[in-house]
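Next come the chains, spelled out residue by residue.
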Amino acid sequence: MAKKDNKHSKLTINDRMLIQACIAKGESAKLIAERIGFSASTVYREIKRGSKTRNPGAGKCAKIGRIGICNFCSKKAYCRLEKRFYDYENASDESKRRRSEARSGTRIPGECLAKLDSLSQQIRDTGSIHHVFVANEWASKICCERTLRRLVYSGVLSVKAHELRRYVRFKRGSQKSQKAKKILIRDVRALVGRTYDDFLAYTAAHKKAIVTQYDSVIGKRDDRTAILTITFPRFNLQIGRLITKGDPSSAKKTIVNVMSKLINAGFSDAFEACLCDNGTEFATFYEIEDAAKLAGASECRAFYARPYRSNDKAECERNHEFVRYVFPKGKSFDGLTQESVDSAFDNINSLVRAGKGNRTPSEAAERVFGKAFLEAIGVKKIDKRKVRLNPII
């Protein structure tokens, strides 16, 4: 990977995921740096800042290496020496904290702050920061009006934000920092070569590769059943299969079953590039590569989308809008049958799409692959005048 413009770049959560995965594989800092596009010194710095130490001062292990991380050491459970562990989730939170602290506080000298604080009573009496700022011309020599307002909101001055009349007239939601999403891959080492950047590089080098996208749709939180969706973005074609919610083995078994039917029908290259979500159901998604090859697939590569980036699977997420027409959020999926799910997706796939030249996804797929493709995955075409996308639960 080409080096990033380090002057204007910082490590992302995806970079930190890859660092942890590479550490698990025992790769050197130089090789990790090449993978993420930063220098080796940046990798060493990140590991030092983002790791946590246990048993400090108890002596260092002679086999720890230059990176010095004990995440995947076989003796870590009973080792009494100093141990260091790197977790990309904690490292991401620590990075956000450092950036936040660097921007906190004010650079205005103490004597100037005291002078600005003398305006607090005037602000209370008028309830208007703008009026007080204009009435006291000397304040503009210290700071701008926006800075004065920020000082009030942050509690630096004795006058508080709730004492402003207009402040309490508008509801202000608390700004909760978004916690890094924990990737639920069972073996973090499998993430190497399967990130979204790897997916982009692969599809750029193999422009004719057939891409499939995988996600799950849930009804209620306490449901035992979910719908696995498999999308062919080239046609906006999407099929749904009932699976056990949160069970990776159920999702894998279902995916391999669909793959086998298409491979037996003569479409051995239908799963060349597979991109999945980071949900619990896809913790062992990388295992479909071996399963597909055993089933006779010519090529199968598994990749993971980035956390909190639904646009990585834009076509899949767009189709989920139609899925929600039929299966509204908050309704239980436990009573669904595969027949009712198939019927719903047949109607969705028979909906005319302007982006496909006013063809339906079923027609677009049949035009390229033929009727045998649709029969293999169980897709039936519905008369356009009889398409219904009404809730069935």
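Residues numbered from 1 in each chain as written. Predicted model: local features only at pLDDT ≥ 70, side-chain atom pairs only at ≥ 80, totals over all residues. Heavy atoms only, no water.

Here's the deal with the state of the cysteines
The condition is simple: Cysteine sulfur atoms that come within 2.5 Å of each other are treated as a disulfide pair.
Within the structure shown, the criterion is met by zero disulfides. Free of any disulfide, C276 has its nearest neighbouring cysteine sulfur in C274, separated by 9.0 Å.

Observations concerning unusual backbone geometry
Keep this limit in mind: To qualify as a helix, a DSSP run of H or I must reach at least 4 residues; to qualify as a strand, a run of E must reach at least 2; elements of each kind are numbered from the N terminus. Exposure categories follow from relative accessible area, calculated using a 1.4 Å probe and restricted to protein chains: below 20% of the type maximum is buried, above 50% is exposed, and the middle band is partly exposed.
Phi is positive for N55, close to 55°, though the residue is something other than glycine. Mapped onto the elements of the fold, N55 is located in the loop between β1 (51-54) and β2 (83-86). Backbone geometry places N358, a non-glycine residue, at a positive phi of 60°. Locating N358 in the fold gives a position in the loop between α13 (338-348) and α14 (361-369). What makes N358 exposed here is its relative accessible area of 53%.

Thoughts on empty space enclosed by the protein
We count it as follows: Put plainly, a pocket is an open set of points on a 1 Å grid over the protein atoms alone with protein on both sides within 12 Å along at least five of seven lines, a cavity is a set where a 1.4 Å probe fits but cannot get out, and a lining residue has an atom within 4 Å of a point. Grid points are joined across faces, edges and corners, and a volume is the space filled by probe spheres set on the points. For this scheme, ten residues count as nonpolar: Ala, Val, Leu, Ile, Met, Phe, Trp, Tyr, Cys and Pro. Four count as charged, namely Asp, Glu, Lys and Arg, and the remainder, Gly too, count as polar.
Per the stated rule, a full pass over the model turns up one cavity of 30 Å³ or more. Its volume calculated, the largest cavity comes out at about 50 Å³. Lining of the largest cavity is provided by I239, G240, R241, V341, D342, F345, D346, N349, I377, G378 and V379. At the level of secondary structure, the elements contributing two or more residues to the lining of the largest cavity comprise β5 (237-244) and α13. Examining the composition of the lining of the largest cavity, we find that four residues originate from one element, α13, more than from any other. Class assignment of the residues belonging to the lining of the largest cavity gives a composition of five nonpolar, three polar and three charged.

Here's the deal with the sheet that holds strand β4 (residues 225-232)
We apply this condition: Should DSSP find at least two bridges between two strands, the strands are regarded as paired. Axis lines are fitted through C-alpha atoms, for helices just across the contact stretch, and the angle between N-to-C directions can take any value from 0 to 180 degrees. Contacts are residue-level and defined by heavy atoms, with any inter-residue pair within 4.5 Å sufficient.
Taken in spatial order, the five strands line up as β5-β4-β3-β6-β7 in an open sheet, and their pairing is mixed. Bordering the open sheet on either side are β5 and β7 (301-304), each of which pairs with just one other strand. When the angles between neighbouring strand axes are averaged without regard to direction, this sheet yields 25°. Examined bridge by bridge, strand β3 (residues 211-217) and β4 share five bridges and lie antiparallel to one another. Pairing of V217 across the sheet is with I227, part of β4. Sheet strands in contact with helix α12 (residues 314-326) are β3, β4 and β5, and its direction is about 40° off that of β3.

Looking at the pattern of salt bridges
We apply this condition: Only one rule defines a salt bridge in this text: a Lys or Arg side-chain nitrogen within 4 Å of an Asp or Glu carboxyl oxygen.
Taken as a whole and assessed by the stated rule, the structure comprises 16 salt bridges. Where D215 meets K313, a salt bridge forms, and the shortest distance between an N and an O atom there is 3.3 Å. You can see D215 sitting in strand β3 and its partner K313 sitting in the loop between β7 and α12, a full 98 residues away along the chain. Assessed through its relative accessible area of 5%, D215 is described here as buried. For K384, the salt bridge is made with E363, and the minimal N-O distance between the two is 3.3 Å. Taken together, the positions of K384 in the segment after α15 (371-376) and E363 in helix α14 put the pair 21 residues apart, joining distant regions of the chain. Note on K384: relative accessible area 43%, which makes it partly exposed. Because the salt bridges share partners, they merge into one network encompassing D215, D277, K313 and E317.

Quick notes on the environment of S9
Structurally, S9 is set in the segment before α1 (13-24). Note: C-alpha distance between S9 and G357 (348 residues apart in sequence) is 41 Å.

As for the packing of helix α10 (residues 248-264) against helix α11 (residues 288-295)
Stated precisely, the cut-off is as follows: Small angles under 35 degrees read as roughly parallel and large ones over 145 as roughly antiparallel, with 65 to 115 read as roughly perpendicular and the rest as oblique. Crossing chirality is assigned from the near helix's rotation relative to the far helix, an anticlockwise turn below a right angle marking it left-handed and a clockwise turn marking it right-handed.
In the contact formed by α10 and α11, the axes pass within 10 Å of each other and the chain directions differ by 30°. Classified by the angle their axes make, α10 and α11 are roughly parallel. Here α10 runs over α11; the crossing is right-handed. Taking contact as the criterion, the partners of K252, I255, V256, M259, S260 and I263 in α10 are, on α11, I288, A291, A292 and A295.

Focus: the pairing of β5
Counting buried residues in β5 gives six out of eight residues, a clear majority hidden from the surface. The turn linking β4 back onto β5 is made up of four residues, and N236 within it adopts a positive phi angle of 65°.

Side note on the environment of I392
Structurally, I392 is set in the segment after α15. For I392, a relative accessible area of 45% corresponds to the partly exposed category. When the C-alpha atoms of I392 and N311 are compared, they prove to be 28 Å apart, with 81 residues separating the residues in sequence. Among residues more than four places away in sequence, those in contact with I392 are V326, F327, L336 and S340.

A look at the packing of α12 against α13
Between α12 and α13, the least distance of the axes is 10 Å, while the angle of their chain directions is 130°. Relative to α13, α12 is oriented oblique. Two packed elements cross with a definite hand, and for α12 against α13 that hand is right-handed. In contact with N319, F322, V323 and V326 of α12, α13 contributes A344, F345 and I348. Taken together, the residues of the contact of α12 with α13 sort by class into six nonpolar, one polar and no charged.

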